[in-house]
Amino acid sequence: MTDELLVTRAQLGERAALAQLVARWRMPVWTYVRRMLDAERADDVAQEVWLAVVRGLPRLREPGRFAPWLFTIARRSVTDRLRGEYALVEETSAFGDLVGEAGAEDPAEALVDRAALVSVLADLPLLEREILVLFYLEDLPVEECADICQIPAGTVKSRLSRARRLLREHLKEKGYRP
């Protein structure tokens, strides 16, 4: 059954359709969130995503666009969590109570296995990491990445280019040869 049909049925109140959507998308959402945050926070944020999905599903006007809508919610949830944590660190460090922690085909992409890629992702800046995760690891097209990040497709392409370059540099530092 397609996502579009499941969304429509879930909007009509069919719990089994909602359960199928959650079963189908639970791991991709958690994986995306995990790649943006550490494991401790990923579970909490993924739950927040699904709560927002359940609340917002009746208002989704284009059931065929469920995946970009879902990843937009996930992105906003990650961003909200990071914003809240950054604000807390700034607020606390202002009082001196807390010291913050430092927190297309490409040869590098072709030669590196997923595990190595995931381990290097944490070293990349958030915007570049997000684009790599959405494009390569979630296999979303440039247009859907643009919708999710609310940026033009050209910006997605330029971030992908910068992310690939940074990825190659990080891989060289860690001893991988593209």
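Everything discussed here concerns the structure shown above.
Model, not experiment: these values are computed from the prediction.

A. Geometry of the pattern of salt bridges. Evaluation of the coordinates by the stated rule reveals nine salt bridges. A salt bridge links E138 to R35, with the nearest nitrogen and oxygen atoms 3.9 Å apart. R35 matches E138 in its accessibility class, with the two residues each being buried. The salt bridge partner of E128 is R162, with a shortest N-O separation of 2.6 Å. Of this pair, E128 sits in helix α7 (residues 126–137) while R162 sits in helix α9 (residues 153–173), and the two are 34 residues apart along the sequence. Judged by its relative accessible area of 8%, E128 falls in the buried class.

B. Main features of unusual backbone geometry. Positive phi outside glycine occurs at D139, with the angle close to 55°. Along the chain, D139 turns up in the loop between α7 and α8 (142–149). The class of D139 is exposed, set by a relative accessible area of 59%. Non-glycine residue Q150 carries a positive phi angle of around 55°. Turning to its location among the elements, Q150 is positioned in the loop between α8 and α9. Given the relative accessible area of 54%, Q150 is considered exposed.

C. Quick look at the packing of helix α1 (residues 3–11) against helix α2 (residues 15–36). In the contact formed by α1 and α2, the axes pass within 8 Å of each other and the chain directions differ by 140°. When the interaxial angle is binned, α1 and α2 end up oblique. When you trace α1 past α2, the crossing you get is left-handed. Here D3, L6, V7, R9 and A10 of α1 lie close against α2, whose contacting residues are A17, L18, Q20, L21, R24 and W25. Looking at the contact of α1 with α2, its residues break down into seven nonpolar, one polar and three charged.

D. The packing of aromatic side chains, seen in detail. For the coordinates displayed, the defined rule picks out five aromatic pairs. Their ring planes at 80° and their centres at 6.0 Å tell us that W25 and F71 sit as a pair that is edge-to-face. Pair noted here: W25 is in helix α2 and F71 is in helix α4 (residues 66–94), with a separation of 46 residues, a long-range link. Under the relative-accessibility criterion, W25 is labelled buried at 15%. Here F135 and Y136 contribute two aromatic rings whose centre-to-centre distance is 4.9 Å and whose plane-to-plane angle is 90°, an arrangement assigned as edge-to-face. Joined through ring pairs, the aromatic side chains of W25, Y32, F66, W69 and F71 make up one cluster.

Definitions and limits used
Residues numbered from 1 in each chain as written. Predicted model: local features only at pLDDT ≥ 70, side-chain atom pairs only at ≥ 80, totals over all residues. Heavy atoms only, no water. Salt bridge = Lys/Arg side-chain N within 4 Å of Asp/Glu carboxyl O. Buried < 20%, exposed > 50% of the residue type's maximum accessible area, 1.4 Å probe, protein only. Helix = DSSP H or I, 4+ residues; strand = E, 2+ residues; numbered from the N terminus. Axes fitted to C-alpha atoms, helices over the stretch in contact; angles between N-to-C directions. Parallel < 35°, antiparallel > 145°, perpendicular 65-115°, else oblique. Left-handed = near helix turned anticlockwise from the far one by under 90°. Contact = heavy atoms within 4.5 Å. Nonpolar A, V, L, I, M, F, W, Y, C, P; charged D, E, K, R; others polar. Phe/Tyr/Trp six-rings, centres within 6.5 Å; stacked < 30°, edge-to-face > 60°.

Any link to function would need more than the numbers given here.
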